[in-house]
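For reference, the chains in residue letters:
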Amino acid sequence: MHRKPIVVGNWKMNKSPREAIDFVKQLEARVREFDSVDKAVAPTSLALTGVSDALQGTQLLVAAQNAHWKVGGAFTGQVSATMLRGLAQFVILGHSEVRAYLAETDANVNRKAKAALAAGLQPIIAVGESLAQNEAGETIDFVRGQVSAALAGISAADMARVVIAYEPLWAIGTGKSATSEQADGIIGAAVREPLRELYNDSVADNTRIQYGGSVKPGNMAEFMAQPNIDGALVGGASLHVDDFAALVEIAARVKGS
Ligand code: PGA
């Protein structure tokens, strides 16, 4: 079984459309040779059209940072998965910042994941526990719960297009990453093993699972060397061309063949 490594840069609320286009042109030239790795940038929705146009015909893919489950309608401020068709290949759902600041629920993440799949997108479903939950020993149960809620009603066949990102909240933007062994153990127990029960061995063995939370060139190799970790969802370091290119290069070196 080979799971293609996947590195996604989540720019959050950074980079104007113009800055985003300049950036992806530079990045694309730097990562072109690493075709054993899937790589994508997630700019703000405002920049998706420009970035998508700039990357036409390249292997640097595009991710949206969120998408609503309805096709259209009276939903101020939202973008639907259907609207992202042709502009993005991936969509990040359930990011902890959306859960924390915009009251995202597991039920909505599930609706959004189904809508994204129906629109032909590949959802990247983010899960992860808080520091308090971690310290209380609740991590595995909590993350397992998030995974099974997010995937309710999604078929084994559709799971081939789902990516899961395990991001402990206490490691996001804090400079404090989980150790690679810790992350691997949690991913195994709270994400990959449950997929065996929810689906079957093939889904569990083939689903790509990223780690996220203060990933940078200096710690990427350790994470990529772990058996359950197939890539990274990266915030801060993805804002710099050199760092982003280094992350892709490391993913290719450690797990690209
Ligand atoms: P970070 O963000 O790499 O800046 O910690 C990760 C994320 O939020 O996906």
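Residues numbered from 1 in each chain as written. Predicted model: local features only at pLDDT ≥ 70, side-chain atom pairs only at ≥ 80, totals over all residues. Heavy atoms only, no water.

Enquirer: Pulling in residues and values, what's your account of the sheet that holds strand β1 (residues 6-10)?
Expert: On the basis of which strands lie adjacent, the closed barrel formed by 8 strands has the order β1-β2-β3-β4-β5-β6-β7-β8 and parallel pairing. Going across the sheet, the axis of each strand differs from the next one's by a mean of 25 degrees, ignoring polarity. Examined bridge by bridge, strand β2 (residues 38-42) and strand β3 (residues 60-64) share 3 bridges and lie parallel to one another. Residue pairing for β3: V41 is matched across the bridge by V62. Packing against the sheet, helix α11 (residues 241-255) makes contact with β1, β2 and β8 (231-234), and its axis sits at approximately 165 degrees to β1. (Pairing = 2+ DSSP bridges. Helix = DSSP H or I, 4+ residues; strand = E, 2+ residues; numbered from the N terminus. Axes fitted to C-alpha atoms, helices over the stretch in contact; angles between N-to-C directions. Contact = heavy atoms within 4.5 Å.)

Enquirer: Explain the pairing of strand β6 (residues 163-166) to me, and be specific about the residues and the numbers.
Expert: The alternating pattern of β6 places V163 and A165 on one face and I164 and Y166 on the opposite face, and all of these are buried. The pairing of strand β5 (residues 122-127) with β6 spans 4 bridges and is classified as parallel. Among the inter-strand pairings, I125 is bridged to a residue of β6, identified as I164. By the bridge criterion, 4 bridges tie β6 to strand β7 (residues 208-212) in an arrangement that is parallel. Pairing of Y166 across the sheet is with Y211, part of β7. (Buried < 20%, exposed > 50% of the residue type's maximum accessible area, 1.4 Å probe, protein only.)

Enquirer: Which residues make up the nonpolar core, and what values go with them?
Expert: For soluble globular proteins, the rule of thumb is that nonpolar side chains tend to be buried together. Among the nonpolar cores identified, the biggest contains 71 residues, and L151, Y211 and M220 are the most heavily contacted of them. The dominant element in this core, judged by the number of residues it contributes, is α11, at 8 residues. If we skip the residues at most four places from it in the chain, M220 touches V7, V215, A232, L247, I250 and A251. Ranked by size, the runner-up nonpolar core spans 13 residues in total, among them A42, A63, F90 and A126. (Core = buried A, V, L, I, M, F, W, Y, C linked by side-chain atoms within 4.5 Å.)

Enquirer: Just give me the short version of the packing of helix α1 (residues 17-31) against α11, but keep the residues and values in it.
Expert: When two helices pack together, their arrangement is given by the angle between the helix axes and the distance between those axes. Contact geometry for α1 and α11: axes closest at 10 Å, N-to-C directions at 35 degrees. Relative to α11, the crossing made by α1 is right-handed. Along its contact with α1, which presents F23, Q26, L27, R30 and V31, the element α11 presents V241, D242, F244, A245 and V248. (Left-handed = near helix turned anticlockwise from the far one by under 90°.)

Coordinates in, geometry out; function isn't part of it.
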